[in-house]
Amino acid sequence: MTAPAASLPQSAAEGTPPRTAATVVRRVWTSYAFRRVLQSVFVIWLVSTITFLLMHFMPGDPIEIMAGRLNSAGMSHDQAMATAANLVNYDPDASAWGQYLEFMKGLVTLDFGNSLTNPSKTVFEHVMEYLPWTLFSVGAGVVFAVVIGVSAGMAMAYRRGSAFDHSMTSLGSFLTGVPNYILIAAVVVIGYTVLGILPFLDMRGRITAGVEPGFDPVFLGDAVFHAILPIIAFAFTATGSFMLNMKAATTEVLTEDYVTVARARGLKPGRISRGYVGRNALLPVVPQIALQMGMLVGGSIVIEQILDYPGVGQMLMSAIADRDYPVVQAAVIILATSVVVASLIVDLVLVKIDPRIKSEGQDA
């Protein structure tokens with residue numbers, strides 16, 4: 001009597017290879033999310049390397065600059081040089097390659113040394129005092145731009161050819177074409193100087209003197225009050241761009257066969273607008289969010305100078321004027337990293353909305 005044949009594993013019986021460690025690693029390595037993370041890390045490394053090279057070849061030595069300031073404060077030359085070398089956190093006698101490796105080590109550990117103008121604080125602490133305010137104003141501006149631009153763009157597409165469509169298209173083209181710093185300057189001049197209804201002097205700065213920071217209604221309301229003008233400035237251009245792009249995307253989707261079939265089936269217009277038109281029209285608009293974030297963060301330098309809003313843009317201009325190289329270096333890298341991370345998050349969200357992007361990337 002023969003022994004019964006051993007039953008095969010379920011995966012083998014179905015013709016599917018068993019999951020091994022090598023299979024898991026291969027799937028992770030070839031996944032869209034992993035490749036996008038690698039691309040983001042590469043971009044951050046590239047920006048950091050270029051920033052290091054620019055700072056390395058710029059005239060003036062950070063240690064000598066800080067030592068000169070310490071020397072003028074009464075410290076001896078040798079003691080000032082030793083103190084400056086310790087604060088700046090790099091060895092001036094090391095080779096360029098050694099300085100680069102030390103710089104990359106500090107980048108990984110978020111140790112950029114100390115500020116030349118404020119040696120009592122690390123560069124990272126100095127930058128983080130300003131960065132949240134810029135990210136808040138830019139982020140709020142983009143949120144308002146998305147809500148207003150997407151809603152107006154869909155309405156323009158549904159009413160294309162009407163007076164509403166023509167007027168809103170002209171407004172969107174105007175907002176996109178005119179720089180936002182000119183528009184916000186006009187708002188300040190008209191509202192404060194001409195009409196006298198805008199309390200511009202009271203809105204300068206980040207918070208009112210005497211208001212204690214904290215998660216309470218007084219502080220949050222005061223912070224929003226001071227950020228109103230920067231938020232409006234950042235929303236200006238982005239709103240016009242979202243309006244025009246959403247109108248074009250919605251107009252194209254409305255001509256698709258599945259929309260015609262949905263109407264023929266007698267579905268309600270609201271369901272067609274939300275489930276068929278809106279979701280598909282948003283696909284080309286979603287990547288624009290990261291692009292607008294990058295453009296607005298870069299443009300914060302001018303806006304914050306005009307509105308006297310102490311964000312990272314104003315801090316960066318002050319650091320350049322003071323030749324505070326460690327702060328400039330860290331600010332550029334942190335800003336670039338913020339934009340890259342925002343772009344990565346948008347791309348991963350877009351894959352969830354439209355899985356075709358994932359399959360197209362794998363086929364490529």
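Note that the coordinates shown come from a computational prediction; the quantities given were computed from them, not determined experimentally.

A. Representation of the overall build of the chain within the structure. Helices and strands together make up the secondary structure of the chain, namely 18 helices and 0 strands. When the 364 residues of the chain are sorted by exposure, 38% land in the buried category. For the chain, long-range pairs separated by at least 24 residues make up 71% of all intrachain contacts whose partners lie at least 6 apart in sequence. Element-wise, carbon and sulfur atoms account for 66% of the exposed surface of the chain, whose accessible area totals about 20200 Å².

B. View of unusual backbone geometry. Although it is not a glycine, Leu-110 sits at a positive phi angle of roughly 55°. Mapping Leu-110 onto the fold places it in the loop between α6 (96-108) and α7 (123-128). Phi at Asp-308 takes a positive value of approximately 55°, unusual for a residue other than glycine. Within the fold, Asp-308 resides in the loop between α15 (286-307) and α16 (312-321). Judged by relative accessible area, Asp-308 falls into the partly exposed class, the value being 33%.

C. Region of interest: the packing of helix α8 (residues 131-158) against helix α9 (residues 163-177). Orientation of α8 relative to α9, taken along the N-to-C sense of each, is 140°, at an axis distance of 8 Å. Here α8 is positioned oblique relative to α9, judged by the angle of their axes. Here the hand of the crossing between α8 and α9 comes out left-handed. Residues Ala-152, Ala-155 and Met-156 of α8 pack against Phe-164, Asp-165, Met-168 and Thr-169 of α9.

D. Highlighting the environment of Ala-235. Looking at the element boundaries, Ala-235 is found in helix α12 (residues 217-254). Between the alpha carbons of Ala-235 and Gln-292 there is a distance of 9.8 Å; along the sequence they are 57 residues apart. For Ala-235, the residues in contact, after removing those within four places along its chain, are Gly-141 and Ala-145.

E. Examining the packing of aromatic side chains more closely. In this structure the tally under the stated criterion is 6 aromatic pairs. An aromatic cluster is built from Phe-52, Trp-97, Tyr-100 and Phe-103, whose rings are joined through pairwise contacts. Directly above the ring of Phe-164 sits Arg-159, whose terminal nitrogen or CZ lies 5.4 Å from the centroid. When the ring centre of Tyr-130 is taken as reference, the NZ or CZ atom of Arg-206 above it lies at 5.0 Å.

F. Summary view of the nonpolar core. Among the nonpolar cores identified, the biggest contains 64 residues, and Val-127 and Leu-229 are the most heavily contacted of them. Sorting elements by how many residues they give to this core places α12 first, with 10 residues. Other than its neighbours up to four places away in sequence, Val-127 contacts Val-312, Met-315, Val-327, Ala-330, Ala-331 and Ile-334. Within the second largest apolar cluster, 8 residues are counted, among which are Trp-133, Phe-219, Ala-223 and Ala-227.

G. Looking closely at the pattern of salt bridges. This model, assessed by the stated rule, comprises 3 salt bridges. Put simply, Glu-129 and Lys-121 hold a salt bridge, and the shortest N to O gap is 2.2 Å.

How each quantity is defined
Residues numbered from 1 in each chain as written. Predicted model: local features only at pLDDT ≥ 70, side-chain atom pairs only at ≥ 80, totals over all residues. Heavy atoms only, no water. Helix = DSSP H or I, 4+ residues; strand = E, 2+ residues; numbered from the N terminus. Buried < 20%, exposed > 50% of the residue type's maximum accessible area, 1.4 Å probe, protein only. Contact = heavy atoms within 4.5 Å. Areas by Shrake-Rupley, 256 points an atom, 1.4 Å probe, with all protein chains shown as cover. Axes fitted to C-alpha atoms, helices over the stretch in contact; angles between N-to-C directions. Parallel < 35°, antiparallel > 145°, perpendicular 65-115°, else oblique. Left-handed = near helix turned anticlockwise from the far one by under 90°. Phe/Tyr/Trp six-rings, centres within 6.5 Å; stacked < 30°, edge-to-face > 60°. Lys NZ or Arg CZ within 6 Å of the ring centre and 35° of its normal. Core = buried A, V, L, I, M, F, W, Y, C linked by side-chain atoms within 4.5 Å. Salt bridge = Lys/Arg side-chain N within 4 Å of Asp/Glu carboxyl O.

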